[in-house]
Amino acid sequence: MSADEAALDATGAALTAAEREPVDRGGSGSAARTAPAEPTTPGERPVGTPRPGRRAISRRLTTEIWIVLGLSLGRSGVYAVVSLVASLTAGPPLASQSTALNQSQSPRPLLDLTYQLLSIAFALVPVALALYLLSANGRSAVRRLGLDARRPWQDLGVGVGLAAVIGIPGLGLYAAGRALGITVQVQASALNAAWWTVPVLVFSAVQNALLEEVVAVGYLSERLRELRWRGPLVVAASALLRGSYHLYQGWGPFIGNAVMGVVFAEYYRRRRRVMPLVVAHAVMDMVVFIGYALVPAHWRTALGLS
């Protein structure tokens, strides 16, 4: 081997050793430690990153609950409280005041229909958000809440039964509230007559049922359970939330809906299925919304419905 070839071999060996040796970037002459590799897949924690503690998880879940409720039924509850205060301080007693549900938003029929459908669609966004949040880690939120169609006839039967048990006494409670002067007059449907009125009222009933039962019962119960709330406290929180966003109708509907909330939340706690509650709520709202115009006028007057 010539002297030139020997020099080239020595230089190559030195470069190979230098590539294997960690680079000292601190100027201290000692080798720096190699940084941990970045995660290769989304959501993968770098090596050595500690898992979040129980307190951090609780804070995150609590914040999530407030956000979901602030976008949906919690916001409605705050407005209902303000509305009740306004009614109580307006001068006339509650018995002489009125409120209307399902109001027309335009005298032009097709524009009114557009507004109605948009209102229903956007009201379901918090439902989609709640289901999305509950489906973390690949779990099916629909199956988790029992919102699926695995037991259609059983869910239908239970739902209709709950609607009768809650709805009939609820009508009596409304009449009693009107007689006692603690409930405002409620007009169940103020839509202008059109070919689409009944379908829109059906859609509105289903939307109310999904929003209230998925968020106020299913989602809230699941999250409070994860926060280690006891069963009775979970039921009470769900019932008070349901009553709160009906306060704009007066004290009678608050009490009636709070009682309904206890029954529905306790059913969910025991059965872990929200679909029968959605059916029950939708049936009750359809009867009220659509049946309102079918009740004879003198009956409505006697019950304080018109």
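That block above? That's the structure.
The rules behind the values
Residues numbered from 1 in each chain as written. Predicted model: local features only at pLDDT ≥ 70, side-chain atom pairs only at ≥ 80, totals over all residues. Heavy atoms only, no water. Helix = DSSP H or I, 4+ residues; strand = E, 2+ residues; numbered from the N terminus. Buried < 20%, exposed > 50% of the residue type's maximum accessible area, 1.4 Å probe, protein only. Contact = heavy atoms within 4.5 Å. 1 Å grid on protein atoms, 1.4 Å probe; cavity = no way out; pocket = protein on both sides within 12 Å on 5 of 7 lines; lining within 4 Å. Points joined across faces, edges and corners; volume = space filled by probe spheres on them. Nonpolar A, V, L, I, M, F, W, Y, C, P; charged D, E, K, R; others polar. Core = buried A, V, L, I, M, F, W, Y, C linked by side-chain atoms within 4.5 Å. Phe/Tyr/Trp six-rings, centres within 6.5 Å; stacked < 30°, edge-to-face > 60°. Salt bridge = Lys/Arg side-chain N within 4 Å of Asp/Glu carboxyl O. Expected span 1.5 Å × (residues − 1). Axes fitted to C-alpha atoms, helices over the stretch in contact; angles between N-to-C directions. Parallel < 35°, antiparallel > 145°, perpendicular 65-115°, else oblique. Left-handed = near helix turned anticlockwise from the far one by under 90°. Arc of directions from axis to C-beta.

Caption draft 1: Spotlight on the overall build of the chain. From N to C terminus, the chain includes twelve helices and two strands. From first element to last, N terminus to C terminus, the chain shows the α and β order α-α-α-β-α-α-α-α-β-α-α-α-α-α. In the chain, buried positions account for 37% of the 306 residues. In the chain, 75% of the contacts between residues at least 6 apart in sequence involve partners at least 24 apart.

Caption draft 2: Highlighting the layout of surface pockets. In this structure, the second largest pocket occupies an estimated 470 Å³ of space. Lining the second largest pocket are 16 residues, and of these Leu61, Glu64, Leu133, Ala136 and Arg223 sit closest to its centre. Examining the composition of the lining of the second largest pocket, we find that six residues originate from one element, helix H2 (residues 54–70), more than from any other. Of the residues belonging to the lining of the second largest pocket, the class tally is seven nonpolar, three polar and six charged.

Caption draft 3: Geometry of the nonpolar core. Ranked by internal contacts, the top residues of the largest apolar core, which has 40 residues, are Phe264 and Leu277. Elements represented by at least two residues in this core include exactly H2, helix H5 (125–134), helix H6 (141–145), helix H7 (152–180), helix H8 (197–226), helix H9 (231–244), helix H10 (251–271) and helix H11 (275–291). Of the residues forming this core, the biggest block, nine residues, is contributed by H8. Leu84, Val184, Val186 and Leu191 belong to the second largest nonpolar core, which has 18 residues in total.

Caption draft 4: Structural context of the environment of Val263. One can find Val263 in helix H10. Distance in space between the C-alpha atoms of Val263 and Ala239 is 8.5 Å, their sequence separation being 24 residues. Residue contacts for Val263: discarding those within four places in its chain leaves Leu162 and Ile166.

Caption draft 5: Examining the packing of aromatic side chains more closely. For the coordinates displayed, the defined rule picks out one aromatic pair. Here Trp251 and Phe254 contribute two aromatic rings whose centre-to-centre distance is 6.3 Å and whose plane-to-plane angle is 90 degrees, an arrangement assigned as edge-to-face. Placement of both Trp251 and Phe254 in helix H10 is noted, with a separation of three residues, approximately one turn of the helix. For Trp251, a relative accessible area of 40% gives the class partly exposed.

Caption draft 6: Region of the structure containing the pattern of salt bridges. The tally for this structure, following the rule as stated, stands at 13 salt bridges. A salt bridge links Arg273 to Asp155; the nearest nitrogen and oxygen atoms lie 2.7 Å apart. Taken together, the positions of Arg273 in the loop between H10 and H11 and Asp155 in helix H7 put the pair 118 residues apart, joining distant regions of the chain. Given a relative accessible area of 4%, Arg273 falls into the buried group. With its nearest N and O atoms 2.3 Å apart, the salt bridge here joins Glu222 to Arg272. With Glu222 in helix H8 and Arg272 in the loop between H10 and H11, this pair connects stretches of sequence that are 50 residues apart. According to the relative accessible area criterion, Glu222 is buried, its value standing at 1%. A relative accessible area of 27% means that Arg272 is categorised as partly exposed. Linked by salt bridges that have partners in common, Glu64, Arg144, Glu222, Arg223, Arg225, Glu226 and Arg272 make up one network.

Caption draft 7: Focus on H11. The end-to-end C-alpha separation of H11 is 23 Å, in line with the 24 Å expected for 17 residues at 1.5 Å each. With twelve of 17 residues buried, H11 is to be regarded as a mostly interior element. In the core, the buried residues of H11 are packed alongside H7, H8, H9 and H10.

Caption draft 8: Up close: the packing of H2 against H8. Where H2 contacts H8, the axes come no closer than 10 Å and their chain directions differ by 165 degrees. With respect to H8, the axis of H2 lies roughly antiparallel. Here H2 runs over H8; the crossing is left-handed. Of the residues in H8, those in contact with Arg54, Leu61, Glu64, Ile65, Val68 and Leu69 of H2 are Val215, Tyr219, Leu220, Arg223, Leu224 and Glu226. Of the residues that constitute the contact of H2 with H8, the class distribution is eight nonpolar, no polar and four charged.

Caption draft 9: Structural detail: the side chain of Ser87. Turning to its location among the elements, Ser87 is positioned in helix H3 (residues 73–88). For Ser87, the contacting residues outside a window of four places in its chain are Pro92, Leu94 and Gln97.

Caption draft 10: Summary view of the side chain of Asp155. A relative accessible area of 4% places Asp155 in the buried class. Apart from the residues within four sequence positions on either side, Asp155 is in contact with Asp148, Arg273, Met275, Pro276 and Val279.

Caption draft 11: Structural detail: H5. Within H5 the residues assigned to the buried category are Pro126, Val127, Ala130, Leu131 and Leu134. Looking straight down H5, one finds that the buried residues subtend no more than 140 degrees of arc, so they occupy a single side. Residues of H5 that are buried in the fold lie against helix H4 (109–123), H6 and H8.

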